[in-house]
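One-letter residues, chain by chain:
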Amino acid sequence: MNKIEEFSKFYIRFKTVTYNEKEKLVQHMSFENFDFEEAYATAFDDSELKVKLEATQWLFVVFQKNKEDKAVLKGIKFWTVPEEIL
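Residues numbered from 1 in each chain as written. Predicted model: local features only at pLDDT ≥ 70, side-chain atom pairs only at ≥ 80, totals over all residues. Heavy atoms only, no water.

**Examining the overall build of the protein**
Right, so step 1: Per the secondary structure count, the protein includes three helices and three strands.
Right, so step 2: For the protein, the N- to C-terminal ordering of α and β elements is α-β-α-α-β-β.
Right, so step 3: Going through the 86 residues of the protein one by one, you find that 17% of them count as buried.
Right, so step 4: Of all intrachain contacts in the protein linking residues separated by at least 6 positions in sequence, the fraction that spans at least 24 positions is 46%.
Right, so step 5: Summed over all atoms, the accessible surface of the protein reaches about 7,400 Å², with 54% contributed by carbon and sulfur.
Right, so step 6: The average position of the 13 basic charges and that of the 16 acidic charges among the side chains of the protein differ by 12 Å. (Helix = DSSP H or I, 4+ residues; strand = E, 2+ residues; numbered from the N terminus. Buried < 20%, exposed > 50% of the residue type's maximum accessible area, 1.4 Å probe, protein only. Contact = heavy atoms within 4.5 Å. Areas by Shrake-Rupley, 256 points an atom, 1.4 Å probe, with all protein chains shown as cover. Lys, Arg positive; Asp, Glu negative; His and termini not counted. Charge placed at Lys NZ, Arg CZ, Asp CG, Glu CD.)

This is how it looks when you write it as structure tokens:
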């Protein structure tokens, strides 16, 4: 879904999140790689990482596994990194 034009045009990144029946994450989420050396050498306010974090909206699709181990859609959530974190 990250390759759908409407999502990419508005910097919307799509991720699925799955919890087990006890509300524990089933797996960790991965994010794109970035150059740690460049991030270390650049002031955060001037960094490409900050620009990406400011521009990107995340669309989380949340599932929860039931007792039969089937994923049930629990909802969707748009999220952006709060300015106070940046």
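That shown, we press on.
**Remarks on the sheet that holds strand E3 (residues 71-79)**
Right, so step 1: Taken in spatial order, the three strands of this open sheet run E1-E2-E3, and their pairing is mixed. Since the sheet does not close on itself, it has two edges, and those belong to strand E1 (12-19) and E3, each with one partner. Pairs of neighbouring strands in the sheet enclose a mean axial angle of 20°, with direction left out of account. (Pairing = 2+ DSSP bridges. Axes fitted to C-alpha atoms, helices over the stretch in contact; angles between N-to-C directions.)

**As for the packing of aromatic side chains**
Right, so step 1: Counting across every chain of the model gives two aromatic pairs.
Right, so step 2: Each ring, one from tryptophan 58 and one from phenylalanine 60, has its centre 6.3 Å from the other, and the planes form 20°; the classification is stacked. For the pair shown, tryptophan 58 and phenylalanine 60 are each scored as buried.
Right, so step 3: Relative to tryptophan 79, the ring of phenylalanine 60 lies with its centre 6.4 Å away and its plane at 50°, an arrangement referred to as tilted. Residue phenylalanine 60 is found in strand E2 (residues 57-65), and its partner tryptophan 79 is found in strand E3; the two are separated by 19 residues along the sequence. (Phe/Tyr/Trp six-rings, centres within 6.5 Å; stacked < 30°, edge-to-face > 60°.)

**Points about the nonpolar core**
Right, so step 1: Counting residues in hydrophobic clusters, the biggest one holds five residues: Phe7, Ile12, Phe14, Leu59 and Val61.
Right, so step 2: Secondary-structure elements contributing two or more residues to this core are E1 and E2. (Core = buried A, V, L, I, M, F, W, Y, C linked by side-chain atoms within 4.5 Å.)

**Some points on the confidence of the model for the protein**
Right, so step 1: Overall, the predicted model of the protein reaches an average pLDDT of 84, with 95% of residues at or above 70.
Right, so step 2: Here helix H1 (residues 5-9) stands out as the least confident element of the protein, with mean pLDDT 71; E3 is the most confident, with 93. (pLDDT = per-residue confidence, 0-100.)

**With respect to the pattern of salt bridges**
Right, so step 1: Inspection of the entire model under this criterion finds four salt bridges.
Right, so step 2: One salt bridge connects glutamate 48 with lysine 52, and the closest N-O pair in it is separated by 3.5 Å. Of this pair, glutamate 48 and lysine 52 both sit in helix H3 (residues 48-55), four residues apart, which is roughly one turn of the helix.
Right, so step 3: Taking the shortest distance from any N to any O, the salt bridge between aspartate 69 and lysine 65 comes out at 3.9 Å.
Right, so step 4: One network of salt bridges, in which partners are shared, links Asp45, Lys50 and Glu54. (Salt bridge = Lys/Arg side-chain N within 4 Å of Asp/Glu carboxyl O.)

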